[in-house]
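If you want the building blocks of each chain, they are given just below.
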Amino acid sequence: MSLAETQTLEQRYLMRTYKRAPVDFVRGEGARLWDADGKEYLDFLAGISVCSIGHCHPAVLAAVREQAGELMHVSNLFYTEPMARLAQRLADSSLGGRVFFANSGTEANECAIKIARKHAHGRGVSEPEIVSFEGDFHGRTYGSLSATPCLAGNPALGPMLPGFRSVPHNDAAALREAVGEGTAAVLIEPIQGEAGIRPTTDEALLAARQACDESGALLILDEIQTGIGRTGSLWAYQQTPVRPDVITSAKALGGGMPIGACIAGPAAADVLEPGDHGSTFAGGPVATAAALAVLDVVDDPALLRGVRERGEELRRGLAALEGVREVRGRGLMVGVGLEDGIDAATVGADLLERGLVVNVPGPDTLRLLPPLVVDDSQIERAVGLIGESLLVFSAA
Amino acid sequence: MRREKSQPNPRPLVTSAAERIGAIVEAAERAAESVIDDAEAQARTYLEESRAEADREAAERRSTQAGLIASLLAEAEALREQAGQMVESLRRAEDELAGKRRSGDAPEPRPEPARASHLAAVADPDETRGGSLAGARLLATQMAVSGSSREEIEQRLKSGFEIDDPAAILDAILGPED
């Protein structure tokens, strides 16, 4: 089927919720993709940080194939070993405590929101409130959406859930002011992803931790994009001065299989009880087997050190390019702020033509999320392509 | 008559049946030995794999526990420091109030809500602007546990916390530099 034919079907039968780039990818391997015409691309988006260990990693493929041939689904009414082993691995590698599995990031955040509200009710708070930063992105289901200020303001989708408020990103004073006895949780991203890779400052994180400690609220870090090695440590919080009460994970966790997880430390691990929450598909054997394979690859000091080193290399290369105003991020989670007058969408489309896949989260920003297994020559090539493109549009 | 005619020579029949039974018994014995050998080999393999798996899991647990212990120690240290700062703040406040009461211009003391003084010293915006020492220690501990090098932690402490000489923190967490 040609791209045009696929586009015709898409336009006729799919809801119009996405604006897709005109490419029909058919194959992937490592950091490379091929379209239906056989053209090769260097993938510096990794399916929005999902295929973090590269496309079709042999370990994930083997785990999925083996598990799919044995057992695919039985529901959460029964025990399955991969789920239990993954929960142990996630808890032991982060906050201790307990894990709830979901099918996506937004669902993982829904679980965290439920934990926060129930925890607050347990403290006698009748109308618990969740505080987030402007620019945060926590998901598109209604709880997570209500905690996502840039989307929650869409009146056509209203009303949002009550009990959510936001303060300007990195405004420690405003955060302290917003958090009080009625606060159930502060739910924030250690590095804002959809907003264009904007790290939350140490000061703001410390303020959040302290405000939560004072009020009895929970500190929830949304590690859906930052987790699973993306910033050069298994979890981004491990490079910050705070230890959260709850973290949420998804995206890279399944290596391409849909899975999310809410990991609650000791303070919140026992809040949810039978009947409080559930999911038919979540924690299924295939997705959890894939996630175990992903962790086998990512939870490796050598790989994580490589992420930090190649991230540094990438940021240094980008910062030297004409047309680049600033480079933000940590590890291989990189935002490129372009100089005034350069339209990021135009650059993104041009890069796709040149064979480099990137994301454009804002009018002046490129977002780069290459696979963690990207090598030096691929970094060099990507920087070269971006440099060539920016030369064209800087001059225009 | 018919019956007598149909009966074969009894001796060759017995011999043949005995041979067949012998052969069957021999084959069965061989098969049984093979099964026993296989079972023993599988049991040995299983035992070896189980031991290796147990060793690996024990090593992983030890590693994880070491990390958690290091982290908990850092948190405990941070809490101890914060508690000390809180006590010091309360003592200062008490001294000030006592002084004001003695001079007659202070109201009767009213108990403060617990949260108002919690982590007061660390929550001071002037202090947290550059980051608190407790935060710096937790950062260093978490980075160490997650595999960052001494140089990486040092750089992060200098850039994030404006600590010019983080050697004391690094030595406390990683041990003295060789």
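Residue numbers run consecutively from 1 along every chain, following the written order of its sequence. For this description, chains carry letters from A and ligands carry numbers from 1, given in the order in which they are written. A pLDDT threshold of at least 70 governs which residues receive local features in this predicted model, and a stricter bar of 80 or more applies before side-chain atom pairs are shown or counted, although totals over entire chains, interfaces and linings include all residues.

A.B. asks: Honestly, the overall build of chain A in this entry has me stumped. Any pointers?
C.D. replies: A run of H or I in DSSP becomes a helix once it reaches four residues, and a run of E becomes a strand once it reaches two; helices and strands are each numbered from the N terminus. Scanning chain A from N- to C-terminus turns up 13 helices and 17 strands. C-alpha atoms define the radius of gyration, and 2.2 Å times the number of residues to the power 0.38 defines the globule rule. Relative to a compact globule of 396 residues, whose C-alpha radius of gyration would be 21 Å, chain A shows 21 Å and is just as compact. Dimensions of chain A, computed from C-alpha atoms along their principal axes, come out at roughly 60 × 55 × 45 Å. Any pair of residues counts as being in contact when their C-beta atoms, constructed from backbone geometry, are within 7 Å of one another. Counting only contacts in chain A whose residues sit at least 6 apart along the sequence, the fraction spanning at least 24 positions is 73%.

A.B. asks: What is the right way to read the overall build of chain B from this model?
C.D. replies: The helix and strand tally for chain B stands at eight helices and zero strands. Across the 178 residues that make up chain B, the buried fraction comes to 19%. For every residue, the other C-beta atoms within 10 Å of its own C-beta are counted; 20 or more classify it as buried, 12 or fewer as exposed, and values in between as partly exposed. C-beta atoms are placed from the backbone.

A.B. asks: Hey, could you run me through the sheet that holds strand 13 (residues 324-330) of chain A in this one?
C.D. replies: Within a beta sheet, neighbouring strands are joined by backbone hydrogen bonds and run either parallel or antiparallel to one another. Residues and elements named next belong to chain A. Two strands make a pair as long as DSSP finds a minimum of two bridges between them. Ordered in space as 13-14-17-16, the four strands form an open sheet in which the pairing is antiparallel. With one partner strand each, in any of the chains shown, strand 13 and strand 16 (359-362) form the two edges of the open sheet. On average, each strand axis in the sheet is tilted by 25° relative to the strand beside it, whichever way the strands run. Two strands pair when backbone bridges link them, and strand 14 (residues 333-338) and strand 17 (residues 365-368) are joined in this way by four bridges, in the antiparallel orientation. Lines fitted to C-alpha atoms define the axes here, with helix axes fitted over just the stretch in contact, and angles between the N-to-C directions of these axes take values from 0 to 180 degrees.

A.B. asks: Would you mind showing me how to read the environment of A:Leu321 here?
C.D. replies: Residue and element names in this part refer to chain A. Its location among the elements puts Leu-321 in the loop between helix 11 (301-319) and strand 13. The partly exposed category is assigned to Leu-321, around which 19 C-beta atoms lie within 10 Å. Residues Leu-321 and Glu-388, 67 residues apart in the sequence, show an inter-C-alpha distance of 9.2 Å. When near neighbours in sequence (up to four residues on either side) are disregarded, Leu-321 contacts Ile-386, Gly-387 and Leu-390.

A.B. asks: Please explain the confidence of the model for chain B as it appears in this structure.
C.D. replies: It should be kept in mind that the predicted coordinates are not to be read in detail where pLDDT is low. All names here are of chain B. In predicted models, pLDDT denotes the confidence assigned by the predictor to each residue on a 0 to 100 scale. Scored by pLDDT, chain B has a mean of 69; 49% of the residues are at 70 or more. Low pLDDT (under 50) marks residues 1-6, which in the prediction has zero contacts with non-local residues, meaning those over four places away or in another chain. Residue range residues 106-130 is modelled with pLDDT below 50. Its contacts to residues more than four positions away, or to other chains, number 42 contacts. Our summary of model confidence lists the complex with pTM equal to 0.78 and ipTM equal to 0.86.

A.B. asks: Where do I start with unusual backbone geometry in this structure?
C.D. replies: Negative phi characterises most residues that are not glycine, and trans characterises most peptide bonds. Residues and elements named next belong to chain A. Here the amide bond leading from Gly-158 into Pro-159 is cis, since omega sits at 0°, within 30 degrees of zero. By the secondary structure assignment, Pro-159 is in the loop between helix 7 (149-152) and strand 6 (164-167). The backbone phi angle of Ile-48 is positive, close to 60°, even though this residue is not glycine. Tracing the sequence through the fold places Ile-48 in helix 2 (residues 46-49). The class for Ile-48 is partly exposed, based on 15 C-beta atoms found within 10 Å. The backbone phi angle of Lys-251 is positive, close to 40°, even though this residue is not glycine. Taking the number of C-beta atoms within 10 Å as the measure of exposure, Lys-251 has 29 and is therefore buried.

A.B. asks: Explain the pairing of strand 14 of chain A here, please?
C.D. replies: Regular strands place their side chains on alternate faces of the sheet. Residue and element names in this part refer to chain A. Of all six residues that make up strand 14, five are buried, and the element is covered over most of its length. Judged from the six bridges that link them, strand 13 and strand 14 form a sheet pairing that is antiparallel. In the sheet register, Arg-328 faces strand 14, and the bridge partner there is Gly-335. Counting the residues that bridge the hairpin from strand 13 to strand 14 gives two residues, and of these Gly-331 lies at a positive phi of roughly 60°.

A.B. asks: Would you take a moment to explain the packing of helix 6 (residues 133-145) of chain B against helix 8 (residues 167-174) of chain B for this structure?
C.D. replies: In a pair of packed helices, the angle between the axes and the distance between the axes together describe the arrangement. All names here are of chain B. Direction vectors running N to C along helix 6 and helix 8 enclose 45°, while the axes themselves pass 10 Å from each other. In terms of orientation, helix 6 and helix 8 fall into the oblique class. Where helix 6 crosses over helix 8, the handedness of that crossing is right-handed. Each of Ala-136, Arg-137, Ala-140, Thr-141 and Ala-144 in helix 6 lies in contact with helix 8, whose residues at this interface are Ile-169, Leu-170, Ile-173 and Leu-174. Within the contact of helix 6 with helix 8, the residues separate by chemical class into seven nonpolar, one polar and one charged. Angle categories: roughly parallel below 35 degrees, roughly antiparallel above 145, roughly perpendicular from 65 to 115, and oblique for all the rest. Two helices that cross are described as forming a left-handed crossing if the nearer one is turned anticlockwise from the farther one by less than a right angle, and a right-handed crossing if clockwise. Asp, Glu, Lys and Arg are counted as charged, while Ala, Val, Leu, Ile, Met, Phe, Trp, Tyr, Cys and Pro are counted as nonpolar; the rest, among them Gly, fall into the polar class.

A.B. asks: Would you take a moment to explain the sheet that holds strand 2 (residues 32-35) of chain A for this structure?
C.D. replies: Residues and elements named next belong to chain A. Read across the sheet, four strands follow the order 1-2-3-15 without closing on themselves; strand pairing throughout is mixed. Each of the sheet's edge strands pairs with one partner strand only, and the pair in question is strand 1 (25-29) and strand 15 (356-357). Direction of pairing for strand 3 (residues 40-43) relative to strand 15: parallel, over a ladder of two bridges. Opposite Asp-43, over in strand 15, you have Val-357 as the bridge partner.

A.B. asks: For this particular structure, what's the right way to read the packing of helix 7 (residues 150-161) of chain B against helix 8 of chain B?
C.D. replies: All names here are of chain B. Here helix 7 crosses helix 8 at 140°, and the two axes come no closer than 10 Å. When the axes of helix 7 and helix 8 are compared, the pair comes out oblique. For the pair helix 7 and helix 8, the sense of crossing is right-handed. Side by side, helix 7 and helix 8 meet where Arg-150, Ile-153, Glu-154 and Leu-157 of the first sit next to Ile-169, Leu-170 and Leu-174 of the second. Classifying every residue of the contact of helix 7 with helix 8 by side-chain character gives five nonpolar, no polar and two charged.

A.B. asks: Just to check I follow, could you spell out the pairing of strand 2 of chain A for this structure?
C.D. replies: All names here are of chain A. Sheet topology places strand 1 next to strand 2; four bridges connect them, and they run antiparallel. Residue Gly-28 lies in a different strand from strand 2, and its bridge partner there is Leu-33. Hairpin geometry of strand 1 and strand 2 is characterised by an intervening segment of two residues between the two adjacent antiparallel strands and by a positive phi of about 60° at Gly-30. In sequence, strand 2 turns back onto strand 3 through a hairpin of four residues, with Gly-38 there showing a positive phi of about 90°.

A.B. asks: Explain the nonpolar core to me, please; I cannot follow it from the model alone.
C.D. replies: Taken as a class, soluble globular proteins show a tendency for nonpolar side chains to be buried jointly. For the purposes of this analysis, a nonpolar core is taken to be any set of buried Ala, Val, Leu, Ile, Met, Phe, Trp, Tyr and Cys residues that are connected through C-beta atoms within 7 Å. One finds A:Val186, A:Cys262 and A:Val294 to be the most contacted residues of the largest nonpolar core, which totals 117 residues. The leading source of residues in this core is helix 10 (residues 285-298) of chain A, at eleven residues. The residues touching A:Val186, leaving out its near neighbours within four places in the chain, are A:Val131, A:Val179, A:Ala208, A:Ala211, A:Cys212, A:Ala217, A:Leu219 and A:Ile220. Counting residues in hydrophobic clusters, the runner-up holds 14 residues, among them B:Leu133, B:Ala136, B:Met143 and B:Phe161.

A.B. asks: Is there a simple way to explain the environment of A:Ala178 in this structure?
C.D. replies: All names here are of chain A. Mapped onto the elements, Ala-178 comes out in helix 8 (residues 172-178). The exposure class of Ala-178 is partly exposed, given the 17 C-beta atoms found within 10 Å. Put simply, Ala-178 and Arg-165 are 13 residues apart on the chain and 8.3 Å apart in space, counted from C-alpha to C-alpha. Ignoring sequence-local partners within four residues, the contact set of Ala-178 consists of Val-131, Arg-165 and Val-167.

A.B. asks: Looking at this model, I keep getting lost on the environment of A:Val74. Mind explaining?
C.D. replies: Mapped onto the secondary structure, A:Val74 falls in the loop between helix 3 (58-70) and helix 4 (81-92). Each C-alpha atom of the pair A:Val74 and A:Pro285 lies 8.4 Å from the other, and the pair is 211 residues apart in sequence.

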